[in-house]
Amino acid sequence: MRIDSYLYTHCGGQSHNEDCAASRTDAGSSLFVLADGLGGCLGGEEASRHVVETILAAWEQYQKGNGRQEETPTYRNYMETCMAECILKANTSLIQLQKALHKRMKSTVVTLAVQKDSAVWANVGDSRLYYLTQGHIFQLTQDHSVTYKKYQSGEISKAQIARDEDRSSLLRVVGDAKRCIPDCGTLEFPLRSGDAFLLCSDGFWEYLSEEEILIERLKAETAKEWIEGMMLRLMERILPDTDNLTALTVIFTAEDAKED
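Residues numbered from 1 in each chain as written. Predicted model: local features only at pLDDT ≥ 70, side-chain atom pairs only at ≥ 80, totals over all residues. Heavy atoms only, no water.

### Things to note about the pattern of salt bridges
Consideration 1: Enumeration over the complete set of coordinates arrives at 17 salt bridges.
Consideration 2: For Arg179, the salt bridge identified is with Asp176, shortest N-O distance 3.4 Å.
Consideration 3: On the basis of relative accessibility, which here comes to 17%, the residue Asp176 falls in the buried class.
Consideration 4: Where Arg233 meets Glu212, a salt bridge forms, and the shortest distance between an N and an O atom there is 3.3 Å. Here Glu212 lies in helix 5 (residues 210-219) and Arg233 lies in helix 6 (residues 223-235), a separation of 21 residues in the sequence.
Consideration 5: Taking the relative accessible area as the measure of exposure, Arg233 reaches 22% and is therefore partly exposed. (Salt bridge = Lys/Arg side-chain N within 4 Å of Asp/Glu carboxyl O. Buried < 20%, exposed > 50% of the residue type's maximum accessible area, 1.4 Å probe, protein only. Helix = DSSP H or I, 4+ residues; strand = E, 2+ residues; numbered from the N terminus.)

### Description of the nonpolar core
One recurring pattern in soluble globular proteins is that nonpolar side chains are buried together.
Consideration 1: Counting 27 residues, the largest nonpolar core has Ile55 and Val109 as the members making the most contacts within it.
Consideration 2: Here this core takes 8 residues from helix 1 (residues 44-65), the largest share from any one element.
Consideration 3: If sequence neighbours within four positions are ignored, Val109 has contacts with Val33, Leu34, Ala35, Val51, Ile55, Ile87, Ala122, Asn123, Val124 and Val174.
Consideration 4: Within the second largest apolar cluster, 26 residues are counted, among which are Leu132, Leu198, Cys200 and Met230. (Core = buried A, V, L, I, M, F, W, Y, C linked by side-chain atoms within 4.5 Å. Contact = heavy atoms within 4.5 Å.)

### Focus: the packing of aromatic side chains
Consideration 1: Applying the stated criterion across every chain yields a total of 5 aromatic pairs.
Consideration 2: What links up through ring pairs into an aromatic cluster is the set Tyr131, Phe138, Phe189, Phe197 and Phe252.
Consideration 3: Residue placement shows Arg128 over the ring face of Trp205; its charged tip is 3.5 Å from the ring centre. (Phe/Tyr/Trp six-rings, centres within 6.5 Å; stacked < 30°, edge-to-face > 60°. Lys NZ or Arg CZ within 6 Å of the ring centre and 35° of its normal.)

Here's what the structure looks like:
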């Protein structure tokens, strides 16, 4: 399976950007990571960058130690465990950095790891992962926020999440000894040609509906075109106080797909 990916980040209505995202491919394994440094904390920009860099480095080490593991039904469970451990390593490392720099540095994170046609993911906070397949869109992650709890209990609708007064109150974050608890998931069936993922910060998803994300995916032939379509909608909605917005698009195509 071939992977086409594209990263876009924008400071929104803010003076600086506290989001960070990156990816790496090693020995047939691809990892995508996106983090959002908490704006209410000093050092948000440093926190998100540190989280992304630490997870990428930790994942590389896991892959080196697992280069010849058999492809068994439990392999995806192994990937899931590794993904969670990478996030916990980033949490420990960020706490140490907090102490060294005397800063309250915290961040969200969402990750996607792909090995052949298997995909696993993990998240802490309210950065999201969407999965798009055969004309449908699914939100794979759940926000770790007071607002999302209100949605789950039926107090508010899904459409009201982006404007709820408690949306910035996070229940889990990276950079906290007690509140860094990753949620992990595994795609239960093999990836298919045309399948796609979107990793994004809250400054991105709060201004786009799932229908709009899906429409732009269906119109796009590449990961870059998909981003460009969504950004045309977003740029009209950015206000002076709009949060940083970052998105990482990932599209899969079969190895034998014909080139234009």
